[in-house]
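Structural features, examined
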Amino acid sequence: MTEPVTQADAPGLREAVRQAGALIALVWRTAPALSCAIAAATVLLALAPALAAYLAKLIVDGVLAALETGTPEDRRQVMIWVAAEAGVLGGMLALRRMLAFLKRVLHAELGQAVSRVIFDKTLSMDLCTIEDATVQEKIILARKHAAARPFALISRLFDTAQFTITIATFSAVLWSFHPLAVFVIVIGGLPLFIGELRFSSEAFRFYTAQTAEMRRRTYLEGLMTSDGAATERLHARSGDAVLNRYRALFQSMFGADRRLQGRRAWAGVALIAASSLIFVLGKGWVVWETVLGAITLGQMIMYAALLKQGQNTMTSLLATASGGYEDLLYASNLFTLLALPEGVRRGALEAGPKPGDGYRLSAVRFSYPSTQRPAIDGLNLHIPAGQRLGVVGANGSGKTTLIKLLTGLYLPDEGEITLDGAPIADWAPEALFARTAALFQPFGRYNLTAGENIAIGSDLESRDTQEDALWAAAEAGLAAQMIREWPDGMDTRLSRQFLDGRELSGGQWQRLALSRALMRTQADTLILDEPTSALDPEAEAELLQTAARPDRTTILVSHRLSNLRAADRIIVLERGRIIEAGSHGELVAEGGVYAAMFDTQGAFYRDEN
């Protein structure tokens, strides 16, 4: 695995063009009609300023002519130009409002489309990939600007087209005055562009490098505000300690940000002054030509307005290009995420060549990234179909890792795992996962209704068809009586995040998780990783009597050895290896590690009695 990034590199020109093209294609697929409407409004709005300036020139010259001649025709013509200018200016206002509305709609639709692209990518990643800290950092960077930056880039592309058309029309008119006038509006916008381009790249590298600090900041904020952390925080009086860490982190981040923005602000003042000086010189040139009689008063007003608007438009164009470059830098995080591998390619098998052979592990070895010792080390094991297997071991012995290998969430680094004679990697993931019903540690706690907590992930289509299945799973998972006592039953919303929500104890959450696992009635293997850790002894005994079915394989990981007496076989793990194996009676008779653990737990209960 790669080390977590600390600074992102800007994409090259060719890559930037490719990414911009990909975003444009995404916009077109998402909202083609809306894109056409925005493009049409953009073109009309781009042509309007030059037309308005030309009409202003006609009005001034018309007024002068009317004052000279005093004819009704000249006065009427002036009023026609005034009405035309009013129509153009009113149309510009209407177009701006309409364009703003259309872009808001596009913002929402594009944000949803980009989010779907990100979720499609993350949902296709295997467990090893998505657990990688580097991948998590890239996901955070992509999601942080999922809606804003891609839309901002597309919006700036439309703005760039608008400003380019406007400058082209301005340039055509100014060329009639003097070709150098076009040069004035171009160089007038360069200072701000050069400054913004430099600071855009610097800001991107700065804020991207702070991703880890932002994650720490969010975590500390959660410790001070979440209800889950409140109990221990209040009891231990650790609030001030957390707050002090938060303040120190904020001061460090804010100080660096303030220095960057300070340099950007002072540079902006100097660059604006340079642009203003260029405009003043250009306007003085136009006024001087008017004094000399080379152009009319109306032309002077038009050319001066075009110089000012042209310089502003050029500045806006270059600033838009600079901002678009910055947006593209952030949007490139999306493409960096999309380019990541999704994990080891899996096969397409839906059944193995040896039905009933079950699971076979041959010299299996698996290590987590950046760890020295393998979590599973040369493990050999056969679990035939229908066997009830107990797994015992101290914390860190490899029990949970073994479960994830058996379910296919992890693939071994060395050795082979087969199911019904076919390697796990050759199975289609959906077919492989459908073979097992599993309760993992930790299990999910969904802020949904009780019924949705049980049904999530099942293939039942509607509430009407799954009502009986929901209650059957709740009965098997020992949650039915609990749910019946709630006023809204299966429709009870869980979590205090909602005004009508109910908070559950650990044992209640575990019963829902058990019910969710037992909802998968078609699975021929049931895997329970510490299923009774939050249950009382009576509930524990009831569960173990009802959960295991004779027609399916049951794998039970437990620290409570009394749970394993009915197991056909028990394995004891230590440092990723099997050190003992046999039935409960055989292992007790051997007087080894399992027997010592069982005697210790038995003595505990005898002492209590």
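Scroll up to find the structure this text is about.
One structure accompanies this document, and this report is about it.

What counts and how
- Residues numbered from 1 in each chain as written.
- Predicted model: local features only at pLDDT ≥ 70, side-chain atom pairs only at ≥ 80, totals over all residues.
- Heavy atoms only, no water.
- Helix = DSSP H or I, 4+ residues; strand = E, 2+ residues; numbered from the N terminus.
- Buried < 20%, exposed > 50% of the residue type's maximum accessible area, 1.4 Å probe, protein only.
- Contact = heavy atoms within 4.5 Å.
- Areas by Shrake-Rupley, 256 points an atom, 1.4 Å probe, with all protein chains shown as cover.
- Core = buried A, V, L, I, M, F, W, Y, C linked by side-chain atoms within 4.5 Å.
- Pairing = 2+ DSSP bridges.
- Axes fitted to C-alpha atoms, helices over the stretch in contact; angles between N-to-C directions.
- Salt bridge = Lys/Arg side-chain N within 4 Å of Asp/Glu carboxyl O.
- Phe/Tyr/Trp six-rings, centres within 6.5 Å; stacked < 30°, edge-to-face > 60°.

On to the overall build of the protein chain, then. Secondary structure assignment for the protein chain yields 20 helices and ten strands. Sorting the 609 residues of the protein chain into buried and exposed places 44% on the buried side. Taking as baseline every contact in the protein chain between residues at least 6 positions apart, the subset at least 24 positions apart corresponds to 75%. Of the roughly 31300 Å² of accessible surface on the protein chain, a fraction of 58% belongs to carbon and sulfur atoms.

Among the nonpolar cores identified, the biggest contains 37 residues, and Ile454, Ile483, Leu512 and Tyr594 are the most heavily contacted of them. Elements with a minimum of two residues in this core: strand S6 (436-439), helix H14 (450-455), helix H15 (463-476), helix H16 (480-484), helix H17 (506-518), strand S7 (525-529), strand S9 (569-574) and helix H20 (593-608). For this core, the element with the most residues is H17, which contributes six residues. Membership of the second largest hydrophobic core comes to 36 residues, among which are Leu23, Ile38, Leu99 and Met125.

This part takes up the sheet that holds strand S1 (residues 359-366). Across the sheet, which stays open at both edges, the four strands sit in the order S2-S1-S4-S5 with antiparallel pairing between neighbours. Only two strands of the sheet have a single neighbouring strand rather than two, namely strand S2 (376-383) and strand S5 (422-423). Here six bridges tie S1 to S2, and the two strands are oriented antiparallel to one another. The partner of arginine 360 across the bridge, within S2, is histidine 382. Relative to the sheet, helix H12 (residues 399-407) contacts S1, S2 and strand S4 (414-419), its axis offset from that of S1 by approximately 125°.

Bringing the pattern of salt bridges into the picture now. The full count for this structure, using the stated rule, is twelve salt bridges. The residue lysine 103 makes a salt bridge to aspartate 159 at a minimum N-O spacing of 2.8 Å. Placement of lysine 103 in helix H3 (residues 72-123) and of aspartate 159 in helix H6 (residues 148-177) is noted, with a sequence separation of 56 residues between them. Note on accessibility: lysine 103 and aspartate 159 belong to one class, buried. Its salt-bridge partner being aspartate 420, residue arginine 435 comes within 3.0 Å of it at the nearest N-O pair. In this pair, arginine 435 sits in the loop between helix H13 (429-434) and S6 while aspartate 420 sits in the loop between S4 and S5, placing the two residues 15 residues apart along the sequence. When its relative accessible area of 18% is taken as the criterion, arginine 435 is described as buried. Exposure remark for aspartate 420: the relative accessible area of 7% places this residue in the buried category. Several salt bridges share partner residues, and in doing so they unite Arg365, Asp377 and Arg577 into one network.

As a further point, take unusual backbone geometry. The amide bond that connects glutamine 441 to the next residue, proline 442, takes the cis arrangement and shows omega of -5°. Looking at the element boundaries, proline 442 is found in the loop between S6 and H14. Phi is positive for leucine 478, close to 65°, though the residue is something other than glycine.

Once that is clear, we can look at the sheet that holds strand S10 (residues 577-582). Where strands meet in a sheet, backbone hydrogen bonds hold them as pairs that are either parallel or antiparallel. A sheet is described by the order of its strands in space; here six strands give the open sequence S6-S7-S8-S3-S9-S10, paired in mixed fashion. At either margin of the open sheet sits one strand with a lone partner, and together these are S6 and S10. Across the sheet, the mean angle from the axis of one strand to that of its neighbour is 15°, orientation sign disregarded.

It is worth spelling out the pairing of S9 at this point. Looking at chain direction, strand S3 (residues 388-393) and S9 are connected through five bridges and run parallel. Paired with glycine 390 across the bridge in S9 is isoleucine 570. Across five bridges, S9 lies against S10 in antiparallel orientation. Note that in S10 the partner of leucine 573 across the bridge is isoleucine 578. Linking S9 to S10, which pair antiparallel, is a turn of two residues; within it arginine 575 sits at a positive phi near 50°.

Turning to the packing of aromatic side chains, a few remarks are in order. Under the definition given, this model contains five aromatic pairs. An angle of 80° between the planes, with centres 5.7 Å apart, marks the rings of tyrosine 368 and tyrosine 410 as edge-to-face. Placement of tyrosine 368 in the loop between S1 and S2 and of tyrosine 410 in the loop between H12 and S4 is noted, with a sequence separation of 42 residues between them. Residue tyrosine 368 is classed as partly exposed on the basis of its relative accessible area, which comes to 26%. Judged by its relative accessible area of 1%, tyrosine 410 falls in the buried class. Plain terms: the ring middles of tyrosine 594 and phenylalanine 598 are 6.4 Å apart, the flat faces sit at 10° to each other, and that makes the pair stacked. Taken together, the residues span about one helical turn, with tyrosine 594 and phenylalanine 598 both in helix H20 at a distance of four residues. For the pair tyrosine 594 and phenylalanine 598, a shared accessibility class is recorded, and that class is buried.

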